[in-house]
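Close look at the chain arrangement
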Amino acid sequence: MGDGSAPLPVPRVAVVVFLLRGRAVLLGRRRRSIGDSTFALPGGHLEFGESFEECAAREVAEETGLEIDEAQLLTVTNNVFLEEPKPSHYVTVLLRARLARPDQEPETREPEKCDGWGWYDWGNLPSPLFWPLERMVRAGFDPFPPQASP
Ligand code: 8DG
Ligand code: MG
Ligand code: MG
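Let us look at the structure shown here.

**Here we look at the coordination of the magnesium ion (ligand 3)**
The coordination sphere of the magnesium ion (ligand 3) contains the protein donors Gly43 (O) and Glu63 (OE), at a distance range of 2.1 Å. Metal-to-metal, the separation of the magnesium ion (ligand 3) and the magnesium ion (ligand 2) is 3.3 Å; Glu63 coordinates the two. Placement of the pair is Gly43 in strand 4 (residues 43–45) and Glu63 in helix 1 (residues 52–64), with a sequence separation of 20 residues. Judged on exposure class, the residue Gly43 and its partner Glu63 are both buried.

**Here's the deal with helix 2 (residues 131–138)**
Of the positions making up helix 2, those classed as buried are Pro132, Leu133 and Met136. Along the axis of helix 2, the buried positions cluster into a sector of 100°, meaning they face one direction only. Contact partners of the buried residues in helix 2: strand 1 (12–21), strand 2 (24–30), strand 3 (39–40), strand 5 (68–81) and strand 6 (88–99). Phi for Gly140, located one or two positions after helix 2, is positive at around 90°.

**Some words on the nonpolar core**
Among soluble globular proteins, nonpolar side chains are generally buried collectively. Formed by 17 residues in total, the largest nonpolar core has its most connected members in Leu19, Leu66 and Trp119. Secondary-structure elements contributing two or more residues to this core are strand 1, strand 2, helix 1, strand 6 and strand 7 (114–121). Per-element tally for this core: the top contributor is strand 6, with four residues. Sequence-distant contacts of Trp119, defined by excluding residues within four places in its chain, comprise Leu19, Leu20, Arg21, Ala24, Val25, Leu26, Leu66, Leu99, Glu105 and Pro106. Listed in part, the 13 residues of the second largest apolar core include Phe18, Leu20, Phe39 and Phe144.

**What to know about the site of ligand 1**
Every one of the 18 residues lining ligand 1 counts as a neighbour, but Arg30, Leu41, His45, Glu63 and Thr92 are closest to it. Contacts to ligand 1 include Arg30, whose side-chain N or O atom sits 3.0 Å from an oxygen atom. The separation between an oxygen atom of ligand 1 and a polar side-chain atom of Asn79 is 3.1 Å. About the coverage of ligand 1: the protein hides 89% of its 610 Å² of free accessible area. With respect to the pocket detection grid, ligand 1 is positioned in the largest pocket. Listed by contribution, the elements that provide at least two residues to the shell around ligand 1 are strand 1, strand 4, helix 1, strand 5 and strand 6. Here the residues of the shell around ligand 1 sort into eight nonpolar, five polar and five charged.

**Quick word on the environment of Ser149**
Topologically, Ser149 is positioned in the segment after helix 2. On the basis of relative accessible area, Ser149 is assigned to the exposed category, the value being 66%. Along the chain, Ser149 and Gln72 lie 77 residues apart, while their C-alpha atoms are 21 Å from each other.

Conventions adopted
Residues numbered from 1 in each chain as written. Chains lettered and ligands numbered in written order. Predicted model: local features only at pLDDT ≥ 70, side-chain atom pairs only at ≥ 80, totals over all residues. Heavy atoms only, no water. Donors = N, O, S within 2.8 Å, 3.2 Å for Na, K, Ca; no water. Helix = DSSP H or I, 4+ residues; strand = E, 2+ residues; numbered from the N terminus. Buried < 20%, exposed > 50% of the residue type's maximum accessible area, 1.4 Å probe, protein only. Arc of directions from axis to C-beta. Contact = heavy atoms within 4.5 Å. Core = buried A, V, L, I, M, F, W, Y, C linked by side-chain atoms within 4.5 Å. Near = heavy atom within 4 Å. Polar contact = N/O pair within 3.5 Å; in protein donor to acceptor, adjacent residues only side chain to side chain. Areas by Shrake-Rupley, 256 points an atom, 1.4 Å probe, with all protein chains shown as cover. 1 Å grid on protein atoms, 1.4 Å probe; cavity = no way out; pocket = protein on both sides within 12 Å on 5 of 7 lines; lining within 4 Å. Sits in = over half its atoms within 2 Å of the grid points. Nonpolar A, V, L, I, M, F, W, Y, C, P; charged D, E, K, R; others polar.

In structure tokens, the structure reads:
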């Protein structure tokens, strides 16, 4: 800029993960200015040079201590948060993954950012959901792989 004014805001890339266990997903109650006290997926900002899968594994490990496996790209959403004190815009990349070790339990590694993690049945999700997730659920989005026919 060079004129002393604040830099113009730009869109950022977020990577978030539907971590699946049976018919449940991992959600945590946010402690952030954006979406405070709503239930959201683990995830965060894509760092320079990372693949989506690397970012997913890093963010899940940083936030929950869990190791993920079989990460797969699902979809991307455009999320504009204009009502926030600091307006922001995220292009959010969503992946699904499984636990590398199915007996592993989540830890609250960033208690200043999240109250704690829990497994929630897809048919009985907690409320309120973080609105980008709420919007996907309302639209009928299903993060589970198609069932193999018997
Ligand atoms: P970092 O410093 O660890 O990189 O970031 P973070 O503190 O973990 O960021 P975050 O807020 O958890 O995630 C970045 C953005 O991703 C968030 O502000 C908005 C967007 N986002 C969605 N949906 C979801 C979601 O379900 N969970 C999370 N965590 N972020 C989401 O659009
Ligand atoms: Mg993070
Ligand atoms: Mg996060």
